[in-house]
Structures are given as structure tokens and as C-alpha cells.
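As a plain string of letters, each chain reads:
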Amino acid sequence: MKYVIGVLAEDKPGVLSRIATLIARRGYNVESLSVGRSHLDGFSRFTLVVDGDERVVDQIVKQLDKLIETVEVRNLSQAPYVERWIMLIKVAAPLEVRPHVLQTAEAFRGKAVDVGGDALVFEVTGDKGKVEAFLSAMKPFGILEVASSGAVAMQRVGFERSVSGRREEFELKLA
């Protein structure tokens, strides 16, 4: 089963390497690892998608939480969460089939971000199922290149949490 883990960590050189090494050293399979700036200065947010059972994920969470630079580690799969992938896809699109390629992309809300004489580059954003379905729909036209971000995720806020007017804040374990 796939699990999504969110990590908030100090933005220091080598943190990505330590996280990746920790997971690889234990033989866990990572389907996706994305990292980017967080809302806090000096901190980055990591999103990992791992394949395994609940015991494996619990072990990964515990090990990640032991790293000095990690501030928070969450198994996002335990509660509702929002997940998005972004994919850039270069598709063969000679002029005679270009309208069909564009029409197919429109069905997935794919956006043409570059146009060439014989090819188009599309951007598609959504859950993993949507971007994979878009990729499958483009195969008959000829896929020339693909670049994907992997998963980016966070827990849903939902109306049930915002009714009280309280916000959850991170308690940074800064030493």
C-alpha cells in the first residue's frame, strides 16, 4: 500500500541526503520524494510517498523523527489529505493532428506551456490518477519526454477544524 509522509525540517545542507540515506539504508522503496520551501523561514517541507505496510511506515516515521534537523514528521495517510502532482509532457503534434491533441488535453485541463513546429509541451496538475490518465491519453500521439514533480501533500483543513476558529501551529523543537 502507498503511504504519504510529510516532514518539516531545517533548511541546511545535507538534510535531503540524510533523509534519503536513512530510507535507502533500511531498504524501503520510495515512489516519490519532493522538497521545497515551507511557510517558515529556514525550513523546508518534504513529501515522501513510500510503498509498504503500516509497520514499515511507522518505522520510517520514527527514524525520520530522530534526525536532528527534523521538526515534525507526519503520516499524512492517517487522516484526509490533499495531494497534487505536476507533470510536463512533450507530445508529438504535427499540424494535421494538433487539434486532436489540444482537444484531448483540454478534457484533462492540461495547459499548453510551449508550442513548437511538430510538438507541444503540456502542464497537467492533479492527483496521481489524473496525471497518469493524461499520460495514457497522450500515448497514441507520441510522448517525446516527461518530467514529473512527484507528490506534494498536506493534511486537509476541512470545515470541521475551522469552526472553532483555532489554528494548529507547529511546535518547533528548536534547541
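Refer to the structure printed above.
Residues numbered from 1 in each chain as written. Predicted model: local features only at pLDDT ≥ 70, side-chain atom pairs only at ≥ 80, totals over all residues. Heavy atoms only, no water.

Bringing the packing of aromatic side chains into the picture now. Within the structure shown, the criterion is met by two aromatic pairs. Judged by centre distance (5.5 Å) and plane angle (75 degrees), the ring pair of Phe108 and Phe134 falls under edge-to-face. Placement of the pair is Phe108 in the loop between α3 (98-107) and β6 (111-115) and Phe134 in helix α4 (residues 128-138), with a sequence separation of 26 residues. The class of Phe134 is buried, set by a relative accessible area of 0%. Following the ring pairs from residue to residue traces out a cluster consisting of Phe108, Phe122 and Phe134. (Phe/Tyr/Trp six-rings, centres within 6.5 Å; stacked < 30°, edge-to-face > 60°. Helix = DSSP H or I, 4+ residues; strand = E, 2+ residues; numbered from the N terminus. Buried < 20%, exposed > 50% of the residue type's maximum accessible area, 1.4 Å probe, protein only.)

The subject of this paragraph is α3. Considered for burial, the residues of α3 that qualify are Arg98, Val101 and Ala105. Down the axis of α3, the buried set is contained in an arc of 65 degrees. They therefore lie on one face. Along α3, the residues that are exposed and aim more than 90 degrees away from the buried face are Pro99, Gln103, Glu106 and Ala107. Each element contacted by the buried residues of α3 is listed here: β5 (81-92), β6, β7 (119-126) and α4. The first or second residue beyond α3 is Arg109, which carries a positive phi of 60 degrees. (Arc of directions from axis to C-beta. Contact = heavy atoms within 4.5 Å.)

Moving on, we come to the sheet that holds strand β4 (residues 70-75). The antiparallel open sheet is built from four strands, whose spatial order is β2-β3-β1-β4. Each edge of the open sheet is held by one strand with a lone partner, namely β2 (29-37) and β4. Ignoring which end each strand starts from, the neighbouring axes of this sheet average 15 degrees apart. Relative to strand β3 (residues 43-51), strand β1 (residues 2-10) is paired through nine bridges, and the arrangement is antiparallel. Pairing of Glu10 across the sheet is with Phe43, part of β3. (Pairing = 2+ DSSP bridges. Axes fitted to C-alpha atoms, helices over the stretch in contact; angles between N-to-C directions.)

Moving on, we come to unusual backbone geometry. Phi is positive for Arg109, close to 60 degrees, though the residue is something other than glycine. Mapped onto the secondary structure, Arg109 falls in the loop between α3 and β6. Residue classification places Arg109 among the exposed positions, given a relative accessible area of 72%.

Once that is clear, we can look at the pairing of β3. As a general feature of sheets, a regular strand has side chains that alternate between the two faces. For β3, the buried fraction is high: eight of the nine residues fall into the buried class. From the end of β2 to the start of β3, which pair antiparallel, there are five residues, and Gly42 there has a positive phi angle of about 85 degrees.

Judged by side-chain charge, Arg25, Arg26, Lys62 and Lys66 come together as a positively charged surface patch. Examined against the element boundaries, Lys62 turns out to sit in helix α2 (residues 54-66). (Patch = residues over 30% accessible without salt bridge, like charges linked within 9 Å, V, L, I, M, F, W, Y side chains within 5 Å. Areas by Shrake-Rupley, 256 points an atom, 1.4 Å probe, with all protein chains shown as cover. Salt bridge = Lys/Arg side-chain N within 4 Å of Asp/Glu carboxyl O. Lys, Arg positive; Asp, Glu negative; His and termini not counted. Charge placed at Lys NZ, Arg CZ, Asp CG, Glu CD.)

So, on to the side chain of Ser38. Mapped onto the elements of the fold, Ser38 is located in the loop between β2 and β3. Within the local environment of Ser38, its side chain forms a polar contact with the backbone oxygen of Phe43, the two atoms lying 3.0 Å apart. (Polar contact = N/O pair within 3.5 Å; in protein donor to acceptor, adjacent residues only side chain to side chain.)

What follows concerns the pattern of salt bridges. The full count for this structure, using the stated rule, is eight salt bridges. Where salt bridges share partners, they join Lys2, Glu31, Asp51, Lys128 and Glu132 into one cluster.

With that settled, the discussion passes to the environment of Met1. Take Met1: it is sitting in the segment before β1. Classification of Met1 by relative accessible area gives exposed; the value is 67%. Residues Met1 and Gly150, 149 residues apart in the sequence, show an inter-C-alpha distance of 17 Å. When sequence neighbours within four positions are dropped, the list of residues in contact with Met1 reads Val50, Asp51 and Gly52.

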